[in-house]
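# Chains, contacts and geometry: an overview
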Amino acid sequence: MAATQVHKRLFVGLLLFALLVLSGGAFVLWTLIFGRAGTALRDVLLAGEIGFLLLVAVGAAGLAAMVAAVLLRRPLRNWQRVVHMAVELLFPLAVGLGRLLSIDRERIQSSFIEMNNFLVRLIGRRVEPPRILVLLPHCLQRSKCRHNLTNRVQNCRRCGACVMTDLLNLADQYGAQVVVASGGTGARREVLERRPAAVVAVACERDLSSGIQDTGRLPVLGVTNLRPHGPCRDTTVDLNQVRDALETFVRGRQVVH
Ligand code: SF4
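Please read these numbers as outputs of a predicted model, since none were measured by experiment.

Thresholds applied
Numbering of residues begins from 1 in every chain and follows the order in which that chain's sequence is written. Local features are withheld for residues below a pLDDT of 70 in this predicted model, meaning they are given only at 70 or higher, and side-chain atom pairs are given and counted only at 80 or more; totals for whole chains, interfaces and linings count all residues. In computing side-chain properties, one takes all heavy atoms of the structure into account and sets aside hydrogens as well as water. Think of it this way: any DSSP run of H or I at least four residues long counts as a helix, any run of E at least two long counts as a strand, and we number them from the N terminus. Using a 1.4 Å probe on the protein chains alone, a residue whose accessible area is under 20% of its type maximum counts as buried, one over 50% counts as exposed, and one in between counts as partly exposed. Working definition: residue near molecule or strand if any one of its non-hydrogen atoms lies within 4 Å of it. Polar here means any residue outside two lists: the nonpolar Ala, Val, Leu, Ile, Met, Phe, Trp, Tyr, Cys and Pro, and the charged Asp, Glu, Lys and Arg; Gly therefore counts as polar. Only buried Ala, Val, Leu, Ile, Met, Phe, Trp, Tyr and Cys residues count toward a nonpolar core, and they belong to the same one when joined by side-chain atoms within 4.5 Å. In this document the domain limits rely on a domain assignment from an automatic tool or a database. Whether two residues are in contact is decided by their heavy atoms, any of which lying within 4.5 Å being enough.

### Remarks on the overall build of the protein chain
A tally of regular secondary structure across the protein chain gives eight helices and four strands. Counting from the amino terminus, helix and strand elements in the protein chain follow one another as α-α-α-α-β-α-β-α-β-α-β-α. Along the longest, intermediate and shortest principal axes, the C-alpha atoms of the protein chain span 75 × 40 × 35 Å. Each of the 257 residues in the protein chain was classed as buried or not, and the buried ones make up 46%.

Next comes the structure, spelled out in structure tokens:
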């Protein structure tokens, strides 16, 4: 079984677990409403029950659409919005439940990124290279380098001392835009200002998973950085994965793993 399949299953499994927990909450409320609750309390419980049922309905529809896309290998298209809402609703609960089961948060986030990439690749949207934004974290830059890339990526001298040289050369080769963001807020601002049609984002699991959720329907392919010196310092990235993500958008082919 491919590792990526295992990855996606973890995310789907935890979303399903979260959905079951919500359904259990709805059931408990239901029994209270039709139990011995007084009239005033019953109205409050009824409002809560309607809220729970709405959450369960959206979560179930989104999860079913996601599983159907994986099994049939068909793009979501009209169901994208529902899936996005389901993920927004269930993901925090899924992470909490994962922690109860001693599943590492990073593993869950990585599984979500895997699922996102799979769904984006299924759609196989073709994007003109200048409308692709390669979004890089500043921790890829050598910590001893004195050039400020977050203001202007062209400040990099491409000296070869860190992976920035290869990344900038790669982006030039494809004609894509590149930006180095100083953090999650900076990355969101760049996306809002530049309005790209697609994003290839490099970051840690935490920043990637929150960033992907924030960008809504904008297709984002996430590439997790490598951290041989620990988090947020002198990180690097597998260039083949970045190239593969760029190829996916430039060629619009359906590369699904
Ligand atoms: S390639 Fe050289 S100039 Fe560019 S960020 Fe890395 S160390 Fe600095």
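Having seen the model, we can carry on.
### Observations concerning the site of the ligand
What surrounds the ligand is a group of 14 residues, the closest being C145, C156, C159, C162 and T165. Residue classes in the shell around the ligand are distributed as seven nonpolar, four polar and three charged.

### Notes on unusual backbone geometry
Within the chain, S102 stands out as a residue other than glycine whose phi angle is a positive 60°. For S102, a relative accessible area of 67% corresponds to the exposed category. The phi dihedral of R158 falls on the positive side, at around 50°, and the residue is not glycine. Tracing the chain through its elements places R158 in the loop between β1 (132-137) and α5 (164-174).

### Quick word on the nonpolar core
In terms of nonpolar packing, the biggest core is built from 42 residues, with F11, M66, L119, L135 and V199 touching the most fellow members. The biggest single contributor to this core is helix α1 (residues 3-33), with eight residues. Taken domain by domain, the makeup of this core includes at least three residues from each of domain 1 (3-122) and domain 2 (125-251). With residues near it in sequence (within four places) discarded, F11 still touches M66, V87, F91, S111, F112 and M115. Counting residues in each nonpolar core, the second largest holds 32 residues, with V153, M164, A197 and L246 among its members.

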